[in-house]
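These are the residues of each chain, in order.
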Amino acid sequence: MEVKRKKIRFVPSICVTHDCNLNCTYCYQRHDRTGKMTLDTAKACIDDIFHSVPDYAVDGVEVGFIGGEPLLEFELLKEVFSYTRSRYPDVETIFYATTNGTLLDSEMKAWFTAHRRDFVLGLSLDGARETHNANRSGSFDRIDIDFFRRNWPEQGVKMTLSAYSIPRLAENCRFVHSLGFRSIRGVNLAEGDFDWDDDQYIELLIPQLSELVRFYLDSGETLSNQMLDRRLAACETERAGRHKWCGIGTGCPFYDVDGKKYPCSFITPMTFSPEEIADILRTDFTNEDNFIDDSCRESCYMFPICPTCSGANYLKNKSFKTRDKSRCRIQKLVLLFAADLQARRIVRNPEALNPGALYHTIEAIKNIRALYLDEFQRFGL
């Protein structure tokens, strides 16, 4: 079986504007119309990026443009693209921007189509019209969805799961795939003050996950959803490791509109106060112990694959080390269904995994069920 090598790139991001043309229900950022990056500042950021590419980045640099809504500064994106190509022609570089997709006019479409191999647009799409409109300012009909599918068919979309969209999760995932996207690159739990482990969310999510397991099993592994496509074997093979979940402070620097450099795209003046940022910047980001919750690592079986955001942990707990525990139960629930899906796939086609991966995946499935199933029995699982 051919194993695809994971791309190892340096992934800095540049905030070209604080402004956004939408007002999504779950947005945690503070937007303003005055925060915009100048071309001179952008060039200085690019120079700093390409003068500090780490040795591990054997596959080059992936420059991400974010906001706010980055396409509000389309002319700046073009200028930065041209500057980088002319100044650093020998460095393998790809450009990326996540967008709400509502601002693309004919000029933008023509430019991005001409540069689609070097500049990738990722679409945020929360599902079918009703859900997307409820979450994202009634913007569904302003998106040319086919433009994204046609130019970047392998890219998929990013979804954010809100309290509103939980009872519609399966419908929304099926809808996204019906548009021709084979991949849903993430179903992110919305940031906010509500408790994702509340019983009402668990009860709503169980039938949705059950339906998705049936759907993806019937798809014959031609479709993927990162919510359920977990590396279960890692629960067995990577328990001894001590590593950060992300590259905060080391591998994913963020440049704000004024050119100031921050540890990642979550740690920004749009999210934190100046006092909080000053405290954050005193952190030793090279010391992984500052980002590992030992209580999780020592006692939780799913720790190696349990997603976490260091910035969100700080937002919740004023600590990078202490994980946001308000999502523990919902992550266990998702993992149970991921284990169920992979168990059924193994029964259908055990040869899809090499013997080592097969053994560790089966062991993980057994342990996940033994450890977490009883907790959800009262919900009828």
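Residues numbered from 1 in each chain as written. Predicted model: local features only at pLDDT ≥ 70, side-chain atom pairs only at ≥ 80, totals over all residues. Heavy atoms only, no water.

*Asks:* Kindly report on the overall build of the protein chain, identifying the contributing residues and their values.
*Replies:* Along the protein chain, the regular secondary structure elements total 13 helices and nine strands. Whereas a compact globule of 381 residues would reach a radius of gyration of roughly 21 Å, the protein chain reaches 21 Å, a difference of no more than 12%. Referenced to the eigenvectors of the C-alpha coordinate spread, the extents of the protein chain come out at roughly 60 × 45 × 45 Å. A total of 381 residues make up the protein chain; the buried ones form 51% of that total. In the protein chain, the share of contacts with a sequence separation of at least 24, taken over all contacts with a separation of at least 6, comes to 78%. Taken as a whole, the protein chain presents about 17700 Å² of accessible surface, with 49% of it coming from carbon and sulfur. Charge separation in the protein chain, taken as the distance between the mean sites of 49 positive and 55 negative side-chain charges, equals 3 Å. (Helix = DSSP H or I, 4+ residues; strand = E, 2+ residues; numbered from the N terminus. Rg over C-alpha atoms; globule rule 2.2 N^0.38 Å. Buried < 20%, exposed > 50% of the residue type's maximum accessible area, 1.4 Å probe, protein only. Contact = heavy atoms within 4.5 Å. Areas by Shrake-Rupley, 256 points an atom, 1.4 Å probe, with all protein chains shown as cover. Lys, Arg positive; Asp, Glu negative; His and termini not counted. Charge placed at Lys NZ, Arg CZ, Asp CG, Glu CD.)

*Asks:* Go over the layout of surface pockets with me, naming the residues and quoting the values.
*Replies:* Once rolled over the atoms, a probe with the size of a water molecule shows which space is left empty. The volume enclosed by the second largest pocket comes to roughly 180 Å³. Every residue lining the second largest pocket is listed: Phe-10, Ser-52, Gly-249, Thr-250, Gly-251, Pro-253, Lys-261, Tyr-262, Pro-263, Leu-281 and Phe-285. For the lining of the second largest pocket, the residue count by class is six nonpolar, four polar and one charged. (1 Å grid on protein atoms, 1.4 Å probe; cavity = no way out; pocket = protein on both sides within 12 Å on 5 of 7 lines; lining within 4 Å. Points joined across faces, edges and corners; volume = space filled by probe spheres on them. Nonpolar A, V, L, I, M, F, W, Y, C, P; charged D, E, K, R; others polar.)

*Asks:* Report on the sheet that holds strand S1 (residues 13-15), specifying residues and quantitative values.
*Replies:* The strand order S7-S6-S5-S4-S3-S2-S1-S8-S9 describes an open sheet built from nine strands, whose pairing is mixed. Of all the strands in the sheet, just strand S7 (224-225) and strand S9 (261-262) have a single pairing partner and so form its edges. One ladder, built from five bridges, connects strand S3 (residues 93-99) with strand S4 (residues 119-124); its direction is parallel. Within S4, the residue paired with Phe-95 across the bridge is Phe-119. Of the strands in this sheet, S1, strand S2 (61-66), S3, strand S8 (254-255) and S9 are in contact with helix H1 (residues 39-50), which crosses S2 at around 150°. (Pairing = 2+ DSSP bridges. Axes fitted to C-alpha atoms, helices over the stretch in contact; angles between N-to-C directions.)

*Asks:* Summarise helix H7 (residues 199-218); cite the residues concerned and give the values.
*Replies:* Here H7 spans 29 Å end to end across 20 residues, near enough to the 28 Å set by a 1.5 Å rise per residue. Of all the bends in H7, the greatest, near 25°, is centred on Leu-205, and the proline Pro-207 appears no more than four residues after it. Taken together, the buried positions of H7 are occupied by Tyr-201, Ile-202, Leu-205, Ile-206, Gln-208, Leu-209, Leu-212, Val-213, Tyr-216 and Leu-217. Next to the buried residues of H7 lie helix H6 (169-178), strand S6 (183-189), S7 and helix H12 (328-348). For H7, the side-chain oxygen to backbone nitrogen distance between the N-cap and Gln-200 is 2.9 Å, and the N-cap itself is Asp-198. Taken from the residues just after H7, Gly-220 is the one with a positive phi, measuring 65°. (Expected span 1.5 Å × (residues − 1). Bend = angle between axes of the 7 residues up to and from the residue. Polar contact = N/O pair within 3.5 Å; in protein donor to acceptor, adjacent residues only side chain to side chain.)

*Asks:* So what's going on with a nonpolar patch on the surface? Residues and values would help.
*Replies:* A surface patch of nonpolar side chains, amounting to about 270 Å² of accessible area, comprises Ile-8, Tyr-56 and Val-58. Topologically, Tyr-56 is positioned in the loop between H1 and S2. On the basis of relative accessibility, which here comes to 39%, the residue Tyr-56 falls in the partly exposed class. (Patch = residues over 30% accessible without salt bridge, like charges linked within 9 Å, V, L, I, M, F, W, Y side chains within 5 Å. Salt bridge = Lys/Arg side-chain N within 4 Å of Asp/Glu carboxyl O.)

*Asks:* Tell me what's going on with the side chain of Gln-331, and back it up with residues and numbers.
*Replies:* Structurally, the position occupied by Gln-331 is in helix H12. Side-chain polar atoms of Gln-331 contact the side chain of Arg-230, separated by 3.2 Å. The contacts of Gln-331, once residues within four sequence positions are left out, are Leu-189, Arg-230, Met-302, Cys-306 and Pro-307.

*Asks:* Explain the pairing of S4 to me, using residue names and the numbers behind them.
*Replies:* Within S4, six of the six residues are buried, which leaves the element mostly enclosed by the surrounding structure. Neither face of S4 is open: one carries Phe-119, Leu-121 and Leu-123, the other Val-120, Gly-122 and Ser-124, and all of them are buried. Once you follow S3 into helix H3 (residues 106-114) and on to S4, the crossover reads as right-handed. Across two bridges, S4 lies against strand S5 (residues 157-161) in parallel orientation. Residue Ser-124 lies in a different strand from S5, and its bridge partner there is Lys-158. (Right-handed = clockwise from strand over helix to strand, strands pointing away.)

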